[in-house]
Amino acid sequence: MCRALALSSGASKGAFQAGAISGLISEGGVDNFQWDVVSGVSIGAINAALMGLYGADETKKMTTDMVDLWHDLKNEQILKPWPTQSLFNLSKYDGSSVTKFMKEKIDQRLDPSKGL
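Residues numbered from 1 in each chain as written. Predicted model: local features only at pLDDT ≥ 70, side-chain atom pairs only at ≥ 80, totals over all residues. Heavy atoms only, no water.

Participant: Help me understand the side chain of Asn 47 in this model?
Facilitator: Residue position: Asn 47 is located in helix α2 (residues 43-51). Only 2.9 Å separates the side chain of Asn 47 from the side chain of Gln 17, close enough to count as a polar contact. Filtering out sequence-adjacent residues up to four positions away, Asn 47 remains in contact with Leu 7, Gly 14, Gln 17, Ala 18, Met 66 and Trp 70. (Helix = DSSP H or I, 4+ residues; strand = E, 2+ residues; numbered from the N terminus. Polar contact = N/O pair within 3.5 Å; in protein donor to acceptor, adjacent residues only side chain to side chain. Contact = heavy atoms within 4.5 Å.)

Participant: Teacher, can you tell me more about the pairing of strand β1 (residues 4-7) here?
Facilitator: Two faces belong to every sheet, and in a regular strand the side chains alternate between them. Burial along β1 is one-sided: the residues Leu 5 and Leu 7 are buried and none of Ala 4 and Ala 6 is. The sheet contact formed by β1 and strand β2 (residues 37-40) spans four bridges and is parallel. The residue of β2 that forms the bridge with Leu 7 is Gly 40. (Buried < 20%, exposed > 50% of the residue type's maximum accessible area, 1.4 Å probe, protein only. Pairing = 2+ DSSP bridges.)

Participant: Sorry, what's going on with the environment of Asp 57 here?
Facilitator: As for its position among the elements, Asp 57 is in the loop between α2 and α3 (59-72). C-alpha separation for the pair Asp 57 and Leu 79, spaced 22 residues apart in sequence, amounts to 32 Å.

Participant: How should the environment of Gln 108 be read in this particular structure?
Facilitator: Its place among the elements puts Gln 108 in helix α5 (residues 96-110). Judged by relative accessible area, Gln 108 falls into the buried class, the value being 17%. Here Lys 105 takes part through its side chain, which lies 3.3 Å from a polar atom of the side chain of Gln 108.

Participant: Even after reading the chapter, I still don't get the packing of aromatic side chains, so can you show me in this structure?
Facilitator: Each aromatic ring pair is specified by the distance between its two centres and by the angle formed by the two planes. Summed over the entire model, instances satisfying the criterion amount to one aromatic pair. Look at Phe 33 and Trp 35: their rings are 6.2 Å apart centre to centre, the planes differ by 45 degrees, and that puts the pair in the tilted class. (Phe/Tyr/Trp six-rings, centres within 6.5 Å; stacked < 30°, edge-to-face > 60°.)

Participant: Please clarify how the confidence of the model for the protein should be interpreted in this entry.
Facilitator: Fine structural detail should not be taken from predicted coordinates in areas where pLDDT scores are low. Put simply, the protein has an average pLDDT of 84, and 91% of its residues get 70 or more. When mean pLDDT is compared element by element in the protein, β1 scores highest at 95, while strand β4 (residues 93-94) scores lowest at 75. (pLDDT = per-residue confidence, 0-100.)

Participant: Would you explain the pattern of salt bridges in this entry?
Facilitator: Charged atoms that come close allow side chains of opposite charge to pair. Across all of its chains, the model carries three salt bridges by this definition. Its salt-bridge partner being Glu 58, residue Arg 109 comes within 2.6 Å of it at the nearest N-O pair. Pair noted here: Arg 109 is in helix α5 and Glu 58 is in the loop between α2 and α3, with a separation of 51 residues, a long-range link. Residue Arg 109 is classed as buried on the basis of its relative accessible area of 15%. Taking the relative accessible area as the measure of exposure, Glu 58 reaches 25% and is therefore partly exposed. Of the charged contacts, one joins Asp 107 and Lys 103 as a salt bridge, the two residues approaching to 2.8 Å between their closest N and O atoms. (Salt bridge = Lys/Arg side-chain N within 4 Å of Asp/Glu carboxyl O.)

Listed below in structure tokens is the structure:
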């Protein structure tokens, strides 16, 4: 059997997802919530990527780190509007801030001395 977790989009849902995953694992047990595949769209993709940084034996640490991350995160860290609006911008927000945020989190996870 293959267990999959699909995480949706919607800015503030990122914090909800982290809390829901943490609750499922703390109340239902780590063994009952091991996913073979994790995917996401938009903010769900960020959470899916963060989850992918942890091994199956690190599930409790993953949930703690995700909840802490969302608790301390400010919208301005990942949602920065373009300095000037243009018809050529494909989004209201400049994606470079999300790229920078994810790179920092991946680097911190790969080098524990930087913390996550």
